[in-house]
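So you can see what is in the structure, the chains are spelled out below.
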There are 2 protein chains.
Amino acid sequence: MNFRQVRELTKGIQDDVALLVLPELFATGYAFQSIKETKMMAEDISGETIHFLQDLCRSIGCVICAGFAEIDRDRDQIYNSAVLVDEHEALGVYRKLHLFNKETLYFSPGNLPLAVHTIGGMKVGMMICFDWIYPEVARTLALLDADIIAHPANLVLPYCQDAMITRCLENHVFAITANRVGRETRGMDNFIFTGQSQVTSFDGTVLARAPAGAPVVKIVEINQKDARNKKINEFNDLIAGRRPSMYRTR
Amino acid sequence: MNFRQVRELTKGIQDDVALLVLPELFATGYAFQSIKETKMMAEDISGETIHFLQDLCRSIGCVICAGFAEIDRDRDQIYNSAVLVDEHEALGVYRKLHLFNKETLYFSPGNLPLAVHTIGGMKVGMMICFDWIYPEVARTLALLDADIIAHPANLVLPYCQDAMITRCLENHVFAITANRVGRETRGMDNFIFTGQSQVTSFDGTVLARAPAGAPVVKIVEINQKDARNKKINEFNDLIAGRRPSMYRTR
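Residues numbered from 1 in each chain as written. Chains lettered and ligands numbered in written order. Predicted model: local features only at pLDDT ≥ 70, side-chain atom pairs only at ≥ 80, totals over all residues. Heavy atoms only, no water.

Concerning the side chain of B:E103
Residue and element names in this part refer to chain B. Cut-off, in case you're wondering: Only DSSP runs of H or I with at least four residues qualify as helices, and only runs of E with at least two residues qualify as strands; both kinds are numbered from the N terminus onward. For every residue, the accessible area obtained with a 1.4 Å probe (protein chains only) is divided by the maximum for its type, and the residue is called buried under 20%, exposed over 50%, and partly exposed between those limits. Pairing of N or O atoms within 3.5 Å defines a polar contact, subject to two protein rules: one partner must be a possible hydrogen donor and the other a possible acceptor, and residues neighboring in sequence count only if both atoms are side-chain atoms. Here, residues are in contact when the closest pair of their heavy atoms is within 4.5 Å.
Considering the arrangement of structural elements, one finds E103 in helix α4 (residues 103-106). Looking at E103, the relative accessible area reads 4%, which means it is buried. Of the polar contacts made by the side chain of E103, one reaches the side chain of K96; its length is 2.8 Å. Setting aside chain neighbours within four positions, we find E103 in contact with E24, Y30, N80 and K96.

Some thoughts on the relation of the copies chain A and chain B
Operational definition: All copies are superposed by least squares; the fitting set is the C-alpha atoms of residues with a pLDDT of at least 70 in both.
Here chain A sits on chain B after a turn of 180 degrees about the axis and a move of 0.0 Å along it, with an RMSD of 0.0 Å. In short, the pair behaves as if placed about a two-fold rotation axis. Identified as the residue of chain A closest to the rotation axis by C-alpha distance is A:P135, at 3.2 Å. The share of interface residues of chain A whose copies in chain B are also at the interface is 100%, consistent with both copies meeting through the same surface.

Quick look at the confidence of the model for chain A
Note the threshold: The pLDDT value tells you how sure the predictor is about a given residue, anywhere from 0 up to 100.
Across chain A, the average pLDDT comes to 96, with 100% of residues at or above 70. Two numbers describe this predicted complex: its pTM, 0.97, and its ipTM, 0.97.

Some remarks on the interface of chain A and chain B
What counts here: Summed over both partners, the accessible surface that disappears when two parts come together, traced with a 1.4 Å probe, is what is meant by buried area. The salt bridge criterion pairs a side-chain nitrogen of Lys or Arg with a carboxyl oxygen of Asp or Glu, the two atoms within 4 Å. Classification used: nonpolar for Ala, Val, Leu, Ile, Met, Phe, Trp, Tyr, Cys and Pro, charged for Asp, Glu, Lys and Arg, polar for all others including Gly.
Each partner contributes residues to the interface: chain A has 48 residues there, and chain B has 48 residues. Together chain A and chain B conceal approximately 4100 Å² of surface at their shared face, both sides included; 61% is due to carbon and sulfur atoms. Of all residues in chain A, the largest losses of buried area upon contact with chain B belong to A:F235, A:M246 and A:R248, amounting jointly to 14% of the total for that side. As a salt-bridge pair, A:R242 and B:E136 come within 3.0 Å of each other at their nearest N and O atoms. Joining chain A to chain B, the criterion identifies 25 residue pairs in polar contact (both at pLDDT 80 or more). Here the side of chain A that touches chain B takes 6 residues from helix α5 (residues 135-143) of chain A, the largest share from any one element. Of the residues that constitute the side of chain A that touches chain B, the class distribution is 25 nonpolar, 12 polar and 11 charged.

Some points on the state of the cysteines
Quick reminder of the rule: In plain terms, two cysteine sulfur atoms within 2.5 Å form what is called a disulfide here.
Using the criterion set out here, one finds 0 disulfides over all chains in the structure. The structure places no disulfide on A:C62, whose sulfur is separated from the nearest cysteine sulfur, that of A:C57, by 5.0 Å.

Things to note about the pairing of strand β6 (residues 122-126) of chain B
All names here are of chain B. The condition is simple: At least two bridges found by DSSP between two strands are what make those strands a pair. Handedness of a crossover is defined as follows: with both strands directed away from the viewer, a clockwise route from the first strand across the helix to the second makes it right-handed.
Most of β6 sits out of view: 4 of its 5 residues are buried. Across 4 bridges, the pairing between strand β5 (residues 116-119) and β6 is antiparallel. Looking across to β6, one finds that T118 is bridged to K123. Between β5 and β6, which pair antiparallel and follow one another directly, the connecting turn spans 2 residues, one of which, G120, has a positive phi of 55 degrees. Bridging between β6 and strand β7 (residues 148-153) involves 3 bridges; their strand directions are parallel. Looking across to β7, one finds that M126 is bridged to A150. The β-α-β motif built from β6, the intervening helix α5 (residues 135-143) and the parallel element β7 has right-handed crossover chirality.

Description of the environment of B:I192
Residues and elements named next belong to chain B. Mapped onto the fold, I192 is located in strand β10 (residues 189-194). By relative accessible area, I192 is classed as partly exposed at 47%. For the pair I192 and N154, spaced 38 residues apart in the sequence, the C-alpha separation amounts to 9.3 Å.

Describing the sheet that holds β6(B)
Residue and element names in this part refer to chain B. Using the following cut-off: Simply put, an axis is a line fit to the C-alpha atoms, just over the touching stretch for a helix, and the angle between two N-to-C directions goes from 0 to 180 degrees.
Spatial strand order, β5-β6-β7-β8-β11-β12: 6 strands in an open sheet with mixed pairing. Pairing within the sheet leaves two strands with one partner each, and these edge strands are β5 and β12 (206-209). Adjacent strand axes in the sheet meet at a mean angle of 20 degrees when their direction is disregarded. Each of β7, β8 (174-179), β11 (198-200) and β12 is contacted by helix α6 (residues 160-171), which is oriented at about 20 degrees to β11, the strand it contacts most.

Structural notes on the pattern of salt bridges
The full count for this structure, using the stated rule, is 32 salt bridges over all chains. For A:R139, the salt bridge identified is with B:E136, shortest N-O distance 2.7 Å. Note that A:R139 is positioned in helix α5 and B:E136 in helix α5, a pairing that runs across two chains. Under the relative-accessibility criterion, B:E136 is labelled buried at 11%.

Considering the packing of helix α1 (residues 2-10) of chain A against helix α3 (residues 48-60) of chain A
All names here are of chain A. Just so we agree on the cut-off: Our angle categories are set so that under 35 degrees counts as roughly parallel, over 145 as roughly antiparallel, 65 to 115 as roughly perpendicular, and the remainder as oblique.
α3 packs onto α1 with a crossing angle of 10 degrees between their chain directions and a minimal axis gap of 12 Å. Taken together, the axes of α1 and α3 lie roughly parallel to each other. Residues F3, V6, R7 and T10 of α1 form the contact with α3, whose participating residues are E48, T49, F52, D55, L56, S59 and I60. Classifying every residue of the contact of α1 with α3 gives 5 nonpolar, 3 polar and 3 charged.

Describing α3(A)
Residues and elements named next belong to chain A. Which entries qualify depends on this criterion: The span expected for a helix works out to 1.5 Å for each residue beyond the first.
In this model α3 runs 18 Å from its N-terminal to its C-terminal C-alpha over 13 residues, within 8% of the 18 Å that 1.5 Å per residue would give. Of the surrounding elements, those touching the buried residues of α3 are α1, β1 (19-21), β2 (63-72), β3 (77-85) and β4 (90-95). Phi for G61, located one or two positions after α3, is positive at around 80 degrees.

Re unusual backbone geometry
Even without being a glycine, A:H172 presents a positive backbone phi close to 50 degrees. The residue A:H172 is located in the loop between α6 (160-171) and β8 (174-179) in this model. A relative accessible area of 7% places A:H172 in the buried class. For B:C129, which is not a glycine, the phi torsion comes out positive at approximately 40 degrees. Here B:C129 shows up in the loop between β6 and α5.

Right under this line is the structure:
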């Protein structure tokens, strides 16, 4: 179980950390082979994964965003979700809107609105992995006043890290892409995850990029309020300058 | 006048060229100092710049997209525009929706809908320079079934060329960013243009990137129909997979 690895990786944290982001489906693995199996691994927000995360929040003194397989038992649906949790409770749940590839076989597409959660001085929005390729996701979070996009991922394509530079630039938001490393082989599936987790600044600067092949914890200091000024010069405000009446949305 | 330079650069073209893209405001320069001056340089689509382009279309046997300062004499407005022209007529005009920096002092913001023009087998949409930072522009053109985004530019920021990889990937369209090179100093303005004009494939491949400092003509062969298949795997169609009801647009 990945709980132990996360515990070990984070036990050395000395700094004053406000927000920790873990990968998509960090505790279950990714290569599900059936709905039945996915359902067995799925939990609701009173499950052991959330308890583990709350305990970790307590140890570190931070808020955590992490991916988990979520079950809605009432409706018998499973979602590829992310939770934002503090030591007391789940502050928010995001259900992945854009499922990637065979995830569509094992999860239902997200049915909750994109949302931004205010935690202390931070406004945090969540998206998951393949959501990066839909510019509407980060844009929606920016329009909801997100300072930081917490972005758990299990990326197998090579494009996302560079694309997050564009996402942050175009929205003037920070993003924390926490990606998986290594390989997972099950059945016909052979996933090689691209690692290189990345913290990207509102101005497109890559503040930290992890190696491709090893799990690490990186601590980056930001001033999230830098994301609130959308002006890039005297005349251009990236949000106020939009021309929504000229955009097609369907 | 830049007419001569364009004529010289293009006279060696031997290949069968379908579409030529020239930079933003290619004939007038960029560093306007007053509305009066901008108005003096502005033309309508019966002006000499369009005539020059039509003549060039005839010489090369192609369609051209190029930027020009457009005047609407009836309404006394000047736009930073791009025209798509063949040897007979202007096929379409695009007026820049998102003016950059001091352009806002000398031009009116575009008031025409984004549009896609079918020319032979190609579906061509236009956007200009700073429009790149608004993902809604390329997205709108993709939703209008553009195969190719013709993108005249006078870029002074260093981000666009890499961002165009994201724009093409997220929409599965081709883009031709025709950027200016060199420096223009007038009054308080000192612009250094970043060159590196770029042809980007629907799959994010950079098919050609020009040098930063020298004007060149590059010829790239593409199959524009590659842009019509939005599926990146068995389960993901980048356009059909959108979740518009979940996106905020204002």
